[in-house]
Amino acid sequence: MPDQDRVRPGANWDMTNGAWLIVGAGFTGCTLAERIANVLGRKVVLVERRPHIGGNAFDYYDESGVLVHAYGPHIFHTNSRKVWEYLSRFTEWRRYEHRVLAVVDGMRVPVPFNVNSIRTCFPAAAAAQIVGRLLRYYGWGANVPILTLRQHHDGYIRLLADYVYEKIFYEYTLKQWELPPDELDPLVTGRVPVRVSLDDRYFQDIYQAMPANGYTALFQRMLDHPNIEVVLGTDYRQLAPAREFKRIIYTGMIDEFFEFRRGPLPYRSLRFDFVTLNKERFQEVGTVNYPNGQPFTRISELKHITGQVVENKTTITVEYPERYAPGCNEPYYPIPRKDNRAHYLTYLEEAQKTNGAVLFAGRLGDYKYYNMDQAVGRALQLFESIAAAEGV
Ligand code: FAD
Ligand code: UDP
């Protein structure tokens, strides 16, 4: 490919008449494409390296007719009414509250670890003491991060904290990140706090549901607009020169965009094994975590999550954490740590030098551990600033 045919950082951006180029057809790219096409009435070229839309939320029907999530189980949950109402334009919903059990010493206990988990794992007298202390220090209904709990002076709280740290967090986190919990941003393990209640749901958000016809159908409706051209299976660098595009929104890896000139940012990856079984059900809840003693972290059964009825067949997904190997697997997770954030900020400086010709967003563009609703919220916020600048 001749050099001038590449969209390169630092190229002579001519942003006068062309369409908007959006790189990446995940939640971030699809939201921005839909808004720019619909509200601004502009042409959008949405280019995606993978052979499908939806990014990591892509789903499809496997050979046995089970709707599966290609890149691990995706459960929608949000406290943002704005995000909920926005996505509700493109899908009906099916109510679903995710529940997770963790295998601990042969028992299956609710995670986030709650009062029922405590009563299952500790002798009655110790459990009563622990729950009493939790109520005294934190109150009923509190959610306490494991790293906070570990710092407590009270012996019973420490007994609980050490147990939960060892049995639930330590090995799982080493597998998932190749780092122990205290070497990651506390927000990582804080996603799964200890709950001082009987609430056994994985999430407590106001809105929790699954798109009734799946995520891919939702994305298809978002992109169903004459102003949007979708180009699949294509790296954006293979497209026509930058000057054809008014502006670029980039939702891939920010370090890759700048050709790693400040060094590669670290990411974690996963391998997913899909297994179809000739039975109605494999496990009792959507996900079972295996913190210890297995090379995988969790097994999810999609039929629980989607509510799909398929007779005598079920498909499970087993997740094996992996190092990110460019070209071999996907960079699913930025690794939230102070030094990585500082490293990312050097790329943000590069981004600012484009003077707004290239806008970065999304889990990879912002190098942030976003959930789907946060990716959409961030995209809507970016769109508002674009619309304001365009005088809309
Ligand atoms: P992505 O979905 O990563 O989309 C970016 C796209 O850009 C990719 O498709 C990529 O192929 C494309 N791209 C990159 N570079 C180029 C290039 N050079 N040219 C063309 N295209 C390019 N969130 C939840 O809310 N609930 C969950 O239960 C949940 N579970 C998850 C489970 C797993 C295993 C993982 C990995 C994530 C999970 N998430 C969940 C997070 C969710 O996947 C993300 O928040 C969301 O997909 C982010 O969307 P995005 O558009 O920012 O990024
Ligand atoms: N975690 C853990 N044990 C568990 C569940 C979670 O150690 O049983 C830790 C682990 O570090 C994980 C993090 O908490 O990466 C966040 O978990 P979550 O389920 O939110 O991860 P995701 O669904 O984003 O992979």
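As a reminder, the structure under discussion sits directly above these lines.
Residues numbered from 1 in each chain as written. Chains lettered and ligands numbered in written order. Predicted model: local features only at pLDDT ≥ 70, side-chain atom pairs only at ≥ 80, totals over all residues. Heavy atoms only, no water.

## Thoughts on the overall build of the protein
Okay, step 1: Looking only at helices and strands, the protein has 13 helices and 19 strands in total.
Okay, step 2: Computed over C-alpha atoms, the radius of gyration of the protein comes to 23 Å, within 12% of the 21 Å expected from 2.2 N^0.38 for 392 residues, which places it in the range of a compact globule.
Okay, step 3: Counting only C-alpha atoms, the protein reaches 75 × 50 × 40 Å along its principal axes.
Okay, step 4: Across the 392 residues in the protein, those meeting the buried criterion constitute 57%.
Okay, step 5: Within the protein, contacts between residues separated by at least 24 positions form 74% of all contacts whose residues are at least 6 apart in sequence.
Okay, step 6: Taking the average location of the 46 positive side-chain charges in the protein and that of its 45 negative ones, the two points are 4 Å from each other. (Helix = DSSP H or I, 4+ residues; strand = E, 2+ residues; numbered from the N terminus. Rg over C-alpha atoms; globule rule 2.2 N^0.38 Å. Buried < 20%, exposed > 50% of the residue type's maximum accessible area, 1.4 Å probe, protein only. Contact = heavy atoms within 4.5 Å. Lys, Arg positive; Asp, Glu negative; His and termini not counted. Charge placed at Lys NZ, Arg CZ, Asp CG, Glu CD.)

## Quick notes on a nonpolar patch on the surface
Okay, step 1: Taken together, Leu135, Trp140 and Leu198 make up a surface patch of nonpolar side chains, about 310 Å² in accessible area.
Okay, step 2: When you line up the elements, tryptophan 140 lands in the loop between helix H4 (124–137) and strand E9 (143–144).
Okay, step 3: For tryptophan 140, a relative accessible area of 52% puts it in the exposed group. (Patch = residues over 30% accessible without salt bridge, like charges linked within 9 Å, V, L, I, M, F, W, Y side chains within 5 Å. Areas by Shrake-Rupley, 256 points an atom, 1.4 Å probe, with all protein chains shown as cover. Salt bridge = Lys/Arg side-chain N within 4 Å of Asp/Glu carboxyl O.)

## So, the sheet that holds strand E11 (residues 207–211)
Okay, step 1: Overall, antiparallel pairing links the 3 strands, which are arranged E5-E11-E6 in an open sheet. The open sheet has two free edges, formed respectively by strand E5 (76–78) and strand E6 (93–95), since each of these has just one partner strand. Strand-to-strand, the axes of this sheet are offset by a mean angle of 40°, without reference to chain direction.
Okay, step 2: Bridge analysis of E5 against E11 gives 3 bridges, and the strand direction is antiparallel. Bridged to phenylalanine 76 within E11 is alanine 209. (Pairing = 2+ DSSP bridges. Axes fitted to C-alpha atoms, helices over the stretch in contact; angles between N-to-C directions.)

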